[in-house]
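Residue-level structure breakdown
Read off the chains here:
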Amino acid sequence: MSHSYLYCGLVIESDESMPELQHATADQRPQIAISRGLVEIPRDQDLYAGPNWVIGQLEAFWWLKGVACFHIRADRIVVDSKSNSDPGLVRALLLEGPMIMAMIYRGEFCLRAAAVSDGSRAIAICGMASGGKSTAAAFAVTRGQRLVSDNLLRITFSENCTPLAWPQGNGALLWPRSIALLGLDEVPSQCVRKELSLRRVHLPCQSAPVPLEEMHLLRRHSQIPLQLPVPFQARSARQTFGNIGLLTAGRLWVDQARRTHEHFIWSHSLASKCRMQEASNELIFRGHGSLRKRTM
Amino acid sequence: MPIDPNQIPLNNLIASARGPFQEILGFPSSLLTDDESANLRPIVDEVVRRDWSSPLCIRKSHDAYTYLPDGSPLMGRGPNFAAIYILRNPADVAVSAASHWDKTPSEAVERLCRSDFKVNNKDGEIFVQFSETLLSWAEHAISWLKAPMDVHLMRYESMHAEPLSTFRSACEFLGLNHSDVQIEVAIEASSFSRLQKVEREVGFREAARPESRFFRKGVTGEGAVTLAHEELRKLWALSDLVEQEIASGSTQIRI
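Source: prediction; values computed, not measured.

A short note on the overall build of chain B
- The number of helices and strands found in chain B is 11 helices and four strands.
- Since a compact globule built from 255 residues should have a radius of gyration of about 18 Å, the 19 Å found for chain B is in line with a globular shape.
- Counting only C-alpha atoms, chain B reaches 50 × 45 × 45 Å along its principal axes.
- Relative to its 255 residues, chain B shows a buried fraction of 44%.

Here's the deal with the overall build of chain A
- The helix and strand tally for chain A stands at seven helices and 20 strands.
- Here the contacts in chain A between residues at least 6 apart in sequence split such that 65% fall between residues at least 24 apart.
- Put simply, chain A shows about 13000 Å² of open surface, and 49% of that area lies on carbon and sulfur atoms.

A look at the interface of chain A and chain B
- Taken together, the 41 residues of chain A in the interface contact 33 residues of chain B.
- Where chain A abuts chain B, roughly 3300 Å² becomes buried across the two surfaces, and 60% of that area is made up of carbon and sulfur atoms.
- Of the charged contacts in the structure, one is a salt bridge between Arg177(A) and Glu125(B), with a shortest N-O distance of 3.6 Å.
- Between the two partners, chain A and chain B, sit eight residue pairs in polar contact (both at pLDDT 80 or more).

Re the pairing of strand S1 (residues 83-87) of chain B
Residue and element names in this part refer to chain B.
- Burial of the side chains of S1 is restricted to one face: Ala83, Tyr85 and Leu87 are buried, whereas none of Ile84 and Ile86 on the reverse face is.
- Note: S1 against strand S4 (residues 151-155), five bridges, orientation parallel. Across the sheet, the residue bridging to Leu87 is Arg155, located in S4.

What to know about the packing of helix H3 (residues 90-101) of chain B against helix H4 (residues 105-112) of chain B
Residues and elements named next belong to chain B.
- Close contact between H3 and H4 brings their axes to 8 Å; oriented N to C, the two are set at 115°. As for the relative orientation of H3 and H4, their crossing is right-handed in sense. Contacts from Pro90, Val93, Ala94, Ala98 and Trp101 of H3 reach H4 at Pro105, Ala108, Val109, Arg111 and Leu112.
- Classifying every residue of the contact of H3 with H4 by side-chain character gives nine nonpolar, no polar and one charged.

Examining the sheet that holds strand S4 (residues 32-36) of chain A
All names here are of chain A.
- Strands sit in the order S3-S1-S2-S4-S9-S8-S7-S6-S5 across an open sheet of nine strands; the sheet is mixed. The open sheet has two free edges, formed respectively by strand S3 (22-23) and strand S5 (48-49), since each of these has just one partner strand.
- The pairing of S4 with strand S9 (residues 76-81) spans four bridges and is parallel. Each bridged residue has a counterpart across the sheet, and for Arg36 the counterpart in S9 is Val79.
- Here helix H2 (residues 97-105) sits on the sheet and contacts strand S1 (3-7), strand S2 (10-14), S4, strand S6 (53-55), strand S7 (60-64), strand S8 (68-73) and S9; the angle it forms with S8, its principal contact strand, is near 10°.

Section: the side chain of Glu222(B)
- Note that Glu222(B) resides in helix H10 (residues 222-226).
- A polar contact is formed between the side chain of Glu222(B) and the side chain of Lys217(B), at a distance of 2.9 Å.

Regarding the state of the cysteines
- Inspection of every chain in the model, using the stated rule, returns zero disulfides over all chains.
- Note on Cys8(A): no disulfide assigned, nearest cysteine sulfur contributed by Cys110(A) at a separation of 4.8 Å.
- Here Cys8(A) falls in the buried class, since its relative accessible area comes to 0%.
- In this model Cys57(B) remains outside any disulfide bridge; the closest cysteine sulfur is found in Cys171(B), 17 Å from its own.

Remarks on the nonpolar core
- Formed by 78 residues in total, the largest nonpolar core has its most connected members in Trp62(A), Phe70(A), Ile77(A), Leu111(A), Leu212(A) and Phe27(B).
- A total of seven residues in this core trace back to one element, the largest contributor, which is H2(A).
- Within the second largest apolar cluster, 34 residues are counted, among which are Ala91(B), Ala108(B), Leu112(B) and Ile253(B).

Some details on the confidence of the model for chain A
Residues and elements named next belong to chain A.
- A residue-level look at chain A finds 89% of positions with pLDDT of 70 or above and a mean pLDDT of 88.
- Taken together, the stretch residues 221-231 has pLDDT below 50 and engages in 26 contacts with residues farther than four places along the chain or on a different chain.
- Scored below 50 in pLDDT, residues 283-296 makes 31 contacts in the model with residues more than four places away or belonging to other chains.

Considering the packing of H3(B) against helix H11 (residues 229-248) of chain B
All names here are of chain B.
- The geometry of H3 relative to H11 is characterised by a closest axis approach of 9 Å and an angle of 125° between their N-to-C directions. In terms of axis orientation, H3 runs oblique to H11. Contacts between H3 and H11 pair Pro90, Ala91 and Ala94 from the former with Leu232, Leu235, Trp236 and Ser239 from the latter.
- Of the residues in the contact of H3 with H11, the class split is six nonpolar, one polar and no charged.

A short note on the pattern of salt bridges
Residues and elements named next belong to chain A.
- Going through the model one piece at a time under the given rule, you end up with 26 salt bridges over all chains.
- Residue Arg36 pairs with Glu16 through a salt bridge whose shortest N-O separation is 2.3 Å. Within this pair, whereas Arg36 is found in strand S4, its partner Glu16 is found in the loop between S2 and S3, the two being separated by 20 residues in sequence.
- For Arg36, a relative accessible area of 42% corresponds to the partly exposed category.

Regarding the environment of Arg114(B)
All names here are of chain B.
- Note that Arg114 resides in the loop between H4 and strand S2 (118-119).
- Taking the C-alpha atoms as reference, Arg114 lies 20 Å from Asp34; in sequence the two are 80 residues apart.
- Not counting residues within four places of it along the chain, the set of residues in contact with Arg114 comprises Leu135 and Ser136.
- Within polar-contact distance, the side chain of Arg114 engages the side chain of Asp116 at 2.9 Å.

Points about a nonpolar patch on the surface
- On the surface, a cluster of nonpolar side chains totalling about 220 Å² of accessible area is made up of Leu56(B), Ile58(B) and Leu176(B).
- Overall, the relative accessible area of 30% leaves Leu176(B) in the partly exposed class.

Regarding the pairing of strand S20 (residues 276-279) of chain A
Residue and element names in this part refer to chain A.
- Side chains Met276 and Glu278 of S20 all project onto a buried face; the interleaved residues Gln277 and Ala279 project onto the opposite face, where all are buried too.
- With four bridges connecting them, strand S19 (residues 210-218) and S20 associate as parallel partners. Its bridge partner lying in S20, Met215 is registered against Met276.

What about the packing of aromatic side chains?
- If you walk through the whole model with that rule in mind, you get 15 aromatic pairs over all chains.
- Measuring from centroid to centroid gives 5.7 Å for Tyr48(A) and Trp53(A), while their planes differ by 40°, and the two rings are tilted.
- The class for Trp53(A) is buried, based on a relative accessible area of 3%.
- Ring geometry for Trp62(A) and Phe27(B): centres 5.6 Å apart, planes at 90°, overall edge-to-face. Of this pair, Trp62(A) sits in strand S7 while Phe27(B) sits in the loop between helix H1 (19-25) and helix H2 (34-51), placing the two residues on different chains. Each of the two residues, Trp62(A) as well as Phe27(B), counts as buried.
- Grouped by ring-pair contacts, the aromatic residues Trp62(A), Phe70(A), Phe21(B), Phe27(B) and Phe130(B) constitute a single cluster.
- Geometry around Trp166(A) places Arg154(A) over its ring, the cationic atom sitting 4.7 Å from the centre.

Conventions we followed
Residues numbered from 1 in each chain as written. Chains lettered and ligands numbered in written order. Predicted model: local features only at pLDDT ≥ 70, side-chain atom pairs only at ≥ 80, totals over all residues. Heavy atoms only, no water. Helix = DSSP H or I, 4+ residues; strand = E, 2+ residues; numbered from the N terminus. Rg over C-alpha atoms; globule rule 2.2 N^0.38 Å. Buried < 20%, exposed > 50% of the residue type's maximum accessible area, 1.4 Å probe, protein only. Contact = heavy atoms within 4.5 Å. Areas by Shrake-Rupley, 256 points an atom, 1.4 Å probe, with all protein chains shown as cover. Buried area = accessible area lost by both parts, 1.4 Å probe. Salt bridge = Lys/Arg side-chain N within 4 Å of Asp/Glu carboxyl O. Polar contact = N/O pair within 3.5 Å; in protein donor to acceptor, adjacent residues only side chain to side chain. Pairing = 2+ DSSP bridges. Axes fitted to C-alpha atoms, helices over the stretch in contact; angles between N-to-C directions. Left-handed = near helix turned anticlockwise from the far one by under 90°. Nonpolar A, V, L, I, M, F, W, Y, C, P; charged D, E, K, R; others polar. Disulfide = S-S within 2.5 Å. Core = buried A, V, L, I, M, F, W, Y, C linked by side-chain atoms within 4.5 Å. pLDDT = per-residue confidence, 0-100. Parallel < 35°, antiparallel > 145°, perpendicular 65-115°, else oblique. Patch = residues over 30% accessible without salt bridge, like charges linked within 9 Å, V, L, I, M, F, W, Y side chains within 5 Å. Phe/Tyr/Trp six-rings, centres within 6.5 Å; stacked < 30°, edge-to-face > 60°. Lys NZ or Arg CZ within 6 Å of the ring centre and 35° of its normal.

In structure tokens:
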């Protein structure tokens, strides 16, 4: 039986259930097909090899040793997982490197960013890995915003060159301390894998793409709430362009997939429309009134 | 022009930072256990080393020099990797660490004496850095001084007493051909007083807590006048162990 889901605004069709994702509607044509099969990593000299990936102009291979291998094209991903691999981990990995590669092959790019929206505009929250982006986004959701993305924010441009933020669609990955801090204990969530206390929390989500208005760069891992404000600084377009390059998901693969030109245009367009600002938790939630928790 | 300490580039991170792992391997390390991540860190470090844009890639680390279950080192080996180890009087380390960790000096001493001491290692949460195994103060020092790579020993006290010659030796170890004038300019740019001034005026993003100071005092000898006699006795014993190793010639120190 085939299932259709939405991930980063793309319709993916999978042989297997993916409870992390929201279902696509029947009229939405699948764009990426996920199937199971045997994957053999090639030793082709023309492919660019990394520590756990091999990438060419039209196809790539990505793996986590002992867990799963993936064969990736723009419209198809074949999954070859070990019989004893945790299915939840395999799916979580599929939604990372392999999907990022598939999107790059499609000429689509994502920021490593969480994002929230009030329904009419989105704010991207960028920063260091495990630096509090998901927690900051979840905090905003507890105060009336909707979750757009947890860690992958696909951005396209409308006809009038407005950057559009697409819902990622797989909830927010939060650790127990963040869940407790934010009072999200009663919100439905699922375990990602049994060895970890990390949970996928199903927060109220944005359902449609929304204009991206601001990008905030979290420069420190802050406890919530902050006691002192961090000075506000707007980065120049040049600095924003540089950071966009560094924060692009799969940036090491762009050149090898021969998408350098598209990525340059994308980065330039985003930097010119949407300046990146230094931010603290306090600044991100400015304008949201009292810091008292509101009932979701 | 001195670098703003609050604007250190995103691509120049501590060795335990999770960011390069995610960039290079293509997925967040948060999906793995600490042990699974540790097994992959050397692979990531090798890619960072190989692809660094300049011949010399310098990263800082808090980790002790430890080995993975398969016997390979977590932090690389020679000839591609080398280390500058900054050794400081453990009594002064305890006082400084107490402030950074928001602990009492006694609690800091207890941590420095523990062989199982780790940081960034709390159940139920995650940090921007991987869990770092520190071991005891002495075990940490000896692990690096005996690591299978060239090691240059810099004493914190020498950085204070003889900064030019101390940093000149470090430059020579790194193969950097800087004049004394250039070295002195760098020493001034990274001086404690300058960094304290920056932190007073605009803050420092690596401060442990908003109300704490990262650049606290930067002095030598504070531990001897702050800690209790029994605490000092424990730390002197650790210090003796390290000095004996250094004197024995069994370390990898290349002066």
